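Here are the chains, one letter per residue:
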Amino acid sequence: RLIESRRFEMPDKQGQIGVTRDLTQAKRREQALIAAREQALIANRSKSEFLANVSHELRTPLNAIIGFSEVLEVELYGAIENERYRSYIRDIRQSGGQLLDLINDILDFSKIEAHKFELRLERCDCAAIAKDTVRQISVQAKNQGLTIAVDVPALPVLIVADGRALYRALLNLLSN
């Protein structure tokens, strides 16, 4: 048992008052909270490591899929006569690219949680990023009865920023 005992002088200096409290339950609750917090931190670290490992392992075969679809799309080894096949190849490459972007976002999220995320500064076109973002979100907006309009200059609006992070932030804003 954990007991707290205090003595206080009476204002008239004619004696003392004693107060005793049993702190056992409060201490047990405090220790349980500390243990639960430690378990949550361990679980969070494990989740982040798992996501990073899985994301990394998925990138290798996905890069092969994207690469081979690009070879087919440019008809490097011969013409593809059927337009439907060409359309499928474009869809495979675009879907692979979207999946790769999603995997990269998961890796970035793990890096952010670990305080190891670094921006990749480059010249990027804000107008193109805005158009790409709206194109990505347009079906979702339409399904919700919303209309999205993009009003950007025809010429590129170049800035130095992390284009992927800017795209992701804009996509998150529009999605919400």
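Within each chain, residue numbers correspond to sequence positions counted from 1 in written order. It should be noted that, the model being predicted, local features are given only for residues of pLDDT at least 70 and side-chain atom pairs only at 80 or more, the latter also being counted only at that level, while totals for whole chains, interfaces and linings use all residues. Water and hydrogen atoms play no part in the side-chain values, which are based on all heavy atoms of the structure.

(A) A look at the overall build of the chain. Under the scheme used here, helices are H or I runs from DSSP no shorter than 4 residues and strands are E runs no shorter than 2 residues, and both carry numbers assigned from the N terminus. A count of helices and strands for the chain gives four helices and four strands. Reading the helices (α) and strands (β) of the chain from amino to carboxyl end gives β-β-α-α-β-α-β-α. C-alpha extents for the chain along the principal axes are approximately 105 × 40 × 35 Å. Throughout, exposure labels follow a simple rule: accessible area from a 1.4 Å probe, protein chains only, divided by the maximum for the residue type, with under 20% read as buried, over 50% as exposed, and the rest as partly exposed. Within the chain, buried positions represent 16% of all 176 residues. Contacts are residue-level and defined by heavy atoms, with any inter-residue pair within 4.5 Å sufficient. Pairs at least 24 residues apart make up 61% of the contacts formed inside the chain by residues separated by at least 6 positions. Areas reported as accessible are Shrake-Rupley estimates using a 1.4 Å probe. Residue values count occlusion only from the protein chains shown. Here the chain has roughly 13,800 Å² of accessible surface; of this, 57% comes from carbon and sulfur atoms. We score Asp and Glu as negative and Lys and Arg as positive, and we do not count His or the chain ends. For this purpose, a charge sits on NZ of Lys, CZ of Arg, CG of Asp or CD of Glu. One way to put it: in the chain the 25 positive side-chain charges average out to a point 7 Å from where the 24 negative ones average out.

(B) Highlighting helix α1 (residues 24–73). Compared with an ideal rise of 1.5 Å per residue, which puts 50 residues at 74 Å, α1 spans 71 Å between its outermost C-alpha atoms and is within 8% of the ideal. Buried residues of α1: T24, S48, S55, L62, I66 and S69, and no others. Multiply 1.5 Å by the residue count of a helix minus one, and that product is the helix's expected span.

(C) Up close: a nonpolar patch on the surface. Patch membership needs two things, relative accessible area over 30% and no salt bridge, and members are linked within 9 Å if like-charged or within 5 Å if nonpolar (Val, Leu, Ile, Met, Phe, Trp, Tyr). Note on definitions: salt bridges are taken to be side-chain nitrogens of Lys or Arg within 4 Å of carboxyl oxygens of Asp or Glu. There is a patch of nonpolar side chains on the surface, built from F8, I17 and V19 and spanning about 250 Å² of accessible area. Residue position: I17 is located in strand β2 (residues 16–22).

(D) Quick look at the pattern of salt bridges. For the structure shown, the criterion picks out twelve salt bridges. A salt bridge links E73 to R93, with the shortest nitrogen-to-oxygen separation between them at 2.4 Å. With E73 in helix α1 and R93 in helix α2 (residues 83–113), the pair connects residues that are 20 residues apart, well separated along the chain. Across the salt bridge formed by R135 and D132, the nearest N and O atoms sit 2.3 Å from each other. Placement of the pair is R135 and D132 together in helix α3 (residues 126–143), with a separation of three residues, close to one helical turn. Each of E75, E83, R86 and R90 takes part in a single network of salt bridges with overlapping partners.

(E) A look at the side chain of T133. Mapped onto the elements of the fold, T133 is located in helix α3. The exposure class assigned to T133 is buried, which follows from its relative accessible area of 0%. Ignoring anything within four residues of it in the chain, the contact list for T133 reads Y167, L170, L171 and L174.

(F) Inspection of unusual backbone geometry at higher detail. Of note in the backbone geometry, K13 takes a positive phi value of approximately 60 degrees without being a glycine. With respect to the secondary-structure elements, K13 resides in the loop between β1 (3–9) and β2. In the Ramachandran plot, E75 falls in the positive-phi region, its phi being about 55 degrees despite a non-glycine side chain. Residue placement: E75 occurs in the loop between α1 and α2.

(G) Seen up close, the environment of A32. As for its placement among the helices and strands, A32 is situated in helix α1. For A32, a relative accessible area of 47% translates into the label partly exposed. As a C-alpha pair, A32 and I112 span 80 residues in sequence and 29 Å in three-dimensional space.

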